[in-house]
Amino acid sequence: MTDDIDEKYLHDWSGTRYGVPAGLERPRSTHELASLLRDANQARTPCAIQGGRTGVSGGASPSNGELILSLERLNQIEEIDIGSGIAVVGAGVVLETLQSEAEKLGWTFPIDLASRGSCQLGGNASTNAGGCRVIKYGTTRQSVLGLEAVLANGTVLGPPNRLLKNNAGYSLSSLFIGSEGTLGVISRLALRLTPVPPVRRTLLVALSENTGVNEVLRTAKIALRDALSAFEVMWEDFIESALAIRARGRELPASFKGRRAALVEVEGTDEQSVEAMLERFVTEQMECGSVVDAVLSMSAQDAQDLWAIRDSVAEIQAGMRPYVGFDLGVSPSKHDAVARATKMALTRALPHCRSVFFGHVGDGNLHAVVGPCANADERGEVDRIVYGHLPTLDSSITAEHGVGRKRKGYLLQSRIQEDIRTMKVLKTAMDPNNILNPGRIFDMP
Ligand SMILES: Cc1cc2nc3c(=O)[nH]c(=O)nc-3n(C[C@H](O)[C@H](O)[C@H](O)COP(=O)(O)OP(=O)(O)OC[C@H]3O[C@@H](n4cnc5c(N)ncnc54)[C@H](O)[C@@H]3O)c2cc1C
């Protein structure tokens with residue numbers, strides 16, 4: 001059967017395959033999706049739910065005997081209501097498509113990820129994707145007004161709520177956000193748009209050795225207030241790798257070499273006040289010695305070039321294959337300590353492996369990539385070292401990528417038994433035959 005299925009459907013972005021699927025279905029309507037699920041449920045056929053397959057936790061990758069249900073044909077933007085700033089879309093609409101269609105009308109969808117050209121809005125909701133602007137706009141959950149979703153037995157819940165306030169009973173949509181396709185399949189979404197900001201400026205600053213990233217974040221929040229739309233940090237090795245690639249992005253002043261850099265983005269209504277605010281922030285930071293150098297974008301191209309340094313993560317990872325990627329949720333006050341202690345422990349235990357640290361520090365999200373790892377034992381060792389440096393329960397093994405298959409062995413580090421037991425009660429109630437994404441997040445008895 002797999003001979004007929006294009007290779008791209010056999011794994012997500014992580015590249016790991018888990019088995020030979022039973023088939024591939026690409027429904028064109030909610031009705032067709034419901035009928036496929038009804039049949040699968042009757043036949044007890046397990047299903048792998050697929051969006052754009054940019055996930056990195058193995059959630060969308062099929063196991064042996066699973067029927068792949070791809071949402072890619074539910075790709076209609078049904079409506080963009082410019083009066084109320086609401087879009088109603090099929091789950092298979094690609095994130096970038098909605099962003100650019102909305103922008104033609106003066107609105108945008110504020111969730112933004114480097115995978116924007118392939119990931120789908122249904123996938124974004126099911127993983128509760130974060131991205132670069134959580135500090136201002138929240139995660140996908142804050143941008144979803146309502147969903148239409150299909151249960152394992154083919155029951156269709158919906159239509160998607162479009163009201164800002166609606167307390168008529170339980171918010172069933174909330175159950176499907178972040179549950180990674182284990183409770184139902186999202187088929188349509190009503191989303192909150194936001195007006196395109198008239199001015200956006202990006203600033204890259206090189207941090208001095210003794211400055212904590214949390215200290216710079218704290219002063220940025222106070223100085224830039226609601227205008228602050230992104231605060232990303234790249235540790236020394238990330239900057240070095242990004243500059244070595246140079247295929248994308250731009251060259252930086254020599255003063256950035258060997259330092260951590262913070263990418264600060266600000267949105268506002270008029271150019272003069274935004275630039276004045278940023279200049280004041282940089283001057284103060286340089287005067288107090290926290291920042292040693294800065295590059296400010298003066299055009300959209302400039303900003304894109306600065307963001308390209310942060311977005312070069314895909315190329316950096318490619319040079320570290322086979323690597324292990326991490327997506328840790330840690331209080332920003334602990335980012336420096338966790339990054340440094342973890343790196344030291346990794347270098348001691350696995351001297352041939354490189355590690356780079358970077359993250360959406362403004363959102364308390366620290367990423368790490370470690371590789372190349374020779375085999376499964378080494379990957380296991382890397383997992384143990386990295387998760388071992390996380391404060392238990394006061395941290396998350398996954399801030400935005402989801403548990404999928406890859407992190408389920410460490411779920412107890414972030415959630416207590418009672419939480420996991422309650423998740424399983426919900427799973428049993430909504431998918432009693434365990435046909436939706438079985439073995440993702442946790443294993444059922
Ligand atoms: C270069 C790169 C950068 C990235 N940056 C970020 C980032 O900044 N922030 C972030 O959060 N993530 C990031 N990601 C991860 C990924 O893009 C997100 O998790 C994204 O939301 C996944 O969407 P998708 O459509 O590709 O879903 P898939 O990978 O297809 O699926 C992900 C999970 O959602 C389930 N699923 C998919 N569609 C549906 C549906 N319609 N109904 C129910 N379940 C469904 C799948 O079964 C699977 O469990 C990045 C990935 C890459 C490759």
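For the structure itself, look to the data block above.
The present account deals with the structure reproduced in this document. (Residues numbered from 1 in each chain as written. Predicted model: local features only at pLDDT ≥ 70, side-chain atom pairs only at ≥ 80, totals over all residues. Heavy atoms only, no water.)

1. Focus: the sheet that holds strand S7 (residues 144-150)
Logical step 1: A sheet is described by the order of its strands in space; here 5 strands give the open sequence S4-S5-S9-S7-S8, paired in antiparallel fashion. With one partner strand each, in any of the chains shown, strand S4 (77-81) and strand S8 (156-157) form the two edges of the open sheet.
Logical step 2: Sheet analysis places S7 next to S8, joined by 2 bridges and oriented antiparallel. Bridging from a neighbouring strand, valine 150 pairs with valine 156 of S8.
Logical step 3: With respect to the sheet, helix H2 (residues 95-103) is in contact with S4, strand S5 (86-90) and strand S9 (185-192), its orientation differing from that of S4 by roughly 40°. (Pairing = 2+ DSSP bridges. Helix = DSSP H or I, 4+ residues; strand = E, 2+ residues; numbered from the N terminus. Contact = heavy atoms within 4.5 Å. Axes fitted to C-alpha atoms, helices over the stretch in contact; angles between N-to-C directions.)

2. So, the state of the cysteines
Logical step 1: By the definition in use, this model includes 0 disulfides.
Logical step 2: For the unlinked cysteine cysteine 119, the closest cysteine sulfur is that of cysteine 132, found at 11 Å.
Logical step 3: A relative accessible area of 3% places cysteine 119 in the buried class.
Logical step 4: Cysteine cysteine 373 shares no disulfide, and the gap to the nearest cysteine sulfur, in cysteine 353, comes to 4.3 Å.
Logical step 5: Judged by relative accessible area, cysteine 373 falls into the buried class, the value being 1%. (Disulfide = S-S within 2.5 Å. Buried < 20%, exposed > 50% of the residue type's maximum accessible area, 1.4 Å probe, protein only.)

3. Details of helix H10 (residues 300-311)
Logical step 1: With 12 residues, H10 extends 16 Å from end C-alpha to end C-alpha; this agrees with the ideal 16 Å at 1.5 Å per step.
Logical step 2: Looking at H10, one finds that the buried residues are Ala303, Leu306, Trp307, Ala308, Ile309, Arg310 and Asp311. (Expected span 1.5 Å × (residues − 1).)

All quantities given are derived from atomic positions and should not be read as evidence of function.
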